[in-house]
Amino acid sequence: MNDLKTALGEAVGAAFAGAGLPPELGRVTPADRPDLADFQCNGAMAAARMATLPPRDIAARIAAALEGNGDLTGVEIAGPGFINLRVSAQALARRAAEVAGDPRGGASLADPPRRVIIDYGGPNVAKPMHVGHLRSSIIGEALKRIHRFRGDVTIGDAHFGDWGFQMGLLILATADEIPVIAEVIADVDAGGDPVAAEAILRAHVDLPLLERLYPPAAERAKRDPDFRDAARKATAALQGGRASYRLIWQVFADVSRVALKRDFHALGVDFDLWKGESDADPLIPEMIADLEAKGLLESDQGARILRVAGPGETKKKKLDDGSVVVVESPDPLLVVSSEGSAMYGTTDLATILQRRRDFDPQLFLYVVDQRQAEHFEQVFRAAARAEYAPREDLVHIGFGTMNGPDGKPFKTREGGVLKLADLIAMTSEKATARLHEAGLGAELAEDEFRDTAHKVAVAALKFADLQNFRGTSYVFDLDRFTSFEGKTGPYLLYQAVRIKSLLRKAADQGAVAGAIVIAEPTERELALTLDAFNQAVVEADDKSAPHFIAEHAFRLAQVYSKFYAACPVLAAADEATRASRLSLSQAVLAQLETALDLLGIETPERM
Ligand code: ARG
């Protein structure tokens, strides 16, 4: 099943081939002037350069060859040689019926399907999540759904940050704060019973404690070199396998994971795997041995580093004393620190090895803040040098920031990092106010109303994020995000709910859907829009850019609105017209819900 754009592209391509020209020239695009045509082909201009004929002459030959095509009612040549195509009402009706009858809304499958691992979310033990984690979760979840919808074997992994310096910091900070914890650590170090010790640790450690202790500990490490050294040693001891530290670390990780899972779940984000940086730890010794054997590591001030810059790749770097030097770029990857610890890049490299063994992915996507671009460049080049994965299979899907009104990454009014749970609660509250204001949901029972407000809130946050190309930064504006008017998530939910209510009414009246007939201009536009979904999905997949789907969903809702205003459905002039318009409405609703679902947005039944 092809969409019209693809089918017409093939027909026009055949016409070019018939004229002895490359068929790729037949590519068609939606018309720039929808008042004149549905699709256009610009290939005659390129062909003119090869064939030394004026483009209009070539266009005329192509148009003549297309004369017998029953799907076209008009082929016209415009300007310097644009070929304008008008699709017949029959072809539009046929394609709309195909979309209506297809549970995939007319979208094709990837051929062949690929094995894809998507690394997104990336929350850390105890460290509060910031807007980078929020955006990563929203974009990554959408990409995971898009790949799965395309038929790819897709695995989403949270890549929990549970193995770095912050673990050493937290061990010291909790032992300092709670004497029993210091005692338990000493007891296990002296050979005491780990089961009893674990029970005591679990009774004393909870998330509020970790969240309270982490910021001052991180702050102290910045100004107090002795404390910093102690935390580094603690981190190295944990990684080296000190039993008491492993025990308390496990408790930290469990406590954080439970809370994080709950918050992500409220945002409609679910990972297939909750692996962490620590899961790659068992592979690190053999990986380092392998890197050594391949001669890839070098000593640098007591550390082992892996150089990734090519010849002549340099950048200017400012030193602490203010002088500027030229250094290699990207920086070398720090594989083993001078304390003997694994670093952020070490676990990332070992995780590539692990993923290679577990799933053998053809594509590794890392949905992480654009500010980590250099880190990924280092890791990916290192992986390629070590032959763990080809460079082109490793892709950093970077994104811009969500900013506050001051143009800086969003913070709360108190200047802190906004917690995900608080953000959702705040947005739900706003959504509730918006529903009341618009007189919506008044007849819903309390539970359903609350559920609806939650869905409106999630739609508001996600659509505000996903409607822009991911590289673009945007300003957090809850008023605008939650409005039922404009290009917003709530607007789309409202349109979907309106169609649901129309269809319920039709069912009550015993009106049934039937064969699609395309007659009115807005019916044509609607059929063309339904047809365009496949292209939006393919493009979102190709460019790892969910905004193509967001854009499509918005356009579909708008075109349906226009259609609905111009073409009465229940009050249609005759039964056949009503049946056709009901079919179109069903197809729009199904495709809209599919598109929203790909964005991670759920539609309520009513409002
Ligand atoms: N935990 C990291 C952070 O908070 C993000 C992890 C991203 N994924 C990765 N494989 N490095 O910055």
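Residues numbered from 1 in each chain as written. Predicted model: local features only at pLDDT ≥ 70, side-chain atom pairs only at ≥ 80, totals over all residues. Heavy atoms only, no water.

Colleague: Help me out: how do you make sense of helix α2 (residues 43-51) in this one?
Modeller: Of the positions making up α2, those classed as buried are G43, A44, M45, A47 and A48. Looking at the buried positions of α2, the neighbouring elements they touch are α1 (4-18), β2 (39-41), α3 (55-65) and β4 (82-87). (Buried < 20%, exposed > 50% of the residue type's maximum accessible area, 1.4 Å probe, protein only. Helix = DSSP H or I, 4+ residues; strand = E, 2+ residues; numbered from the N terminus. Contact = heavy atoms within 4.5 Å.)

Colleague: How should I be thinking about unusual backbone geometry in this particular structure?
Modeller: Generally, phi is negative for residues other than glycine and the peptide bonds are trans, each holding for most cases. Residue D111 is joined to P112 through a cis peptide bond whose omega torsion reads -5°. Tracing the chain through its elements places P112 in the loop between α4 (89-100) and β5 (115-119). The omega torsion of the bond from S329 to P330 falls at -5°, within 30 degrees of zero and hence cis. Mapped onto the fold, P330 is located in the loop between β10 (324-328) and β11 (333-336).

Colleague: Whenever I open this one, the sheet that holds β2 confuses me. Can you help?
Modeller: Hydrogen bonding along the main chain pairs the strands of a sheet, whether they run parallel or antiparallel. The strand order across the open sheet built from four strands is β1-β2-β4-β3, with neighbouring strands paired in antiparallel fashion. A strand with exactly one partner marks an edge of an open sheet, and here the two such strands are β1 (28-30) and β3 (72-78). Direction aside, neighbouring strands of the sheet carry axes that sit 30° apart on average. Relative to β4, β2 runs antiparallel, the two being bridged by three bridges. Residue pairing across strands places F39 opposite L85, the latter belonging to β4. (Pairing = 2+ DSSP bridges. Axes fitted to C-alpha atoms, helices over the stretch in contact; angles between N-to-C directions.)

Colleague: Where do I start with the site of the ligand in this structure?
Modeller: Neighbouring the ligand are D119, G122, N124, H133, H159, Y344, D348, Y366, V368, Q372 and F376. Within the contact set of the ligand, a nitrogen atom lies 2.8 Å away from a side-chain nitrogen or oxygen of Y344. Here the ligand has 340 Å² of accessible area as a free molecule, and 90% of this is covered by the chains. (Near = heavy atom within 4 Å. Polar contact = N/O pair within 3.5 Å; in protein donor to acceptor, adjacent residues only side chain to side chain. Areas by Shrake-Rupley, 256 points an atom, 1.4 Å probe, with all protein chains shown as cover.)

Colleague: What exactly am I supposed to notice about the nonpolar core here?
Modeller: Among soluble globular proteins, nonpolar side chains are generally buried collectively. Counting 159 residues, the largest nonpolar core has F16 and F252 as the members making the most contacts within it. Looking at this core element by element, the count peaks at eleven residues for helix α11 (residues 243-266). Core analysis: the second largest hydrophobic core is formed by 33 residues, I117, I155, V335 and F364 among them. (Core = buried A, V, L, I, M, F, W, Y, C linked by side-chain atoms within 4.5 Å.)

Colleague: Explain the pattern of salt bridges to me, please; I cannot follow it from the model alone.
Modeller: Should the charged atoms of two oppositely charged side chains come close, the side chains can pair. For the structure on display, the rule yields 54 salt bridges. Between R434 and D479 there is a salt bridge; the shortest N-O distance is 3.9 Å. A residue pair is termed long-range when its members are at least 10 positions apart, and R434 in helix α15 (residues 420-437) and D479 in helix α17 (residues 478-481) qualify at 45 residues. We classify R434 as buried; its relative accessible area is 15%. Accessibility expressed as a relative area gives 41% for D479, which makes it partly exposed. Put simply, R114, R150, D152 and D541 are held in one network by salt bridges that share partners. (Salt bridge = Lys/Arg side-chain N within 4 Å of Asp/Glu carboxyl O.)

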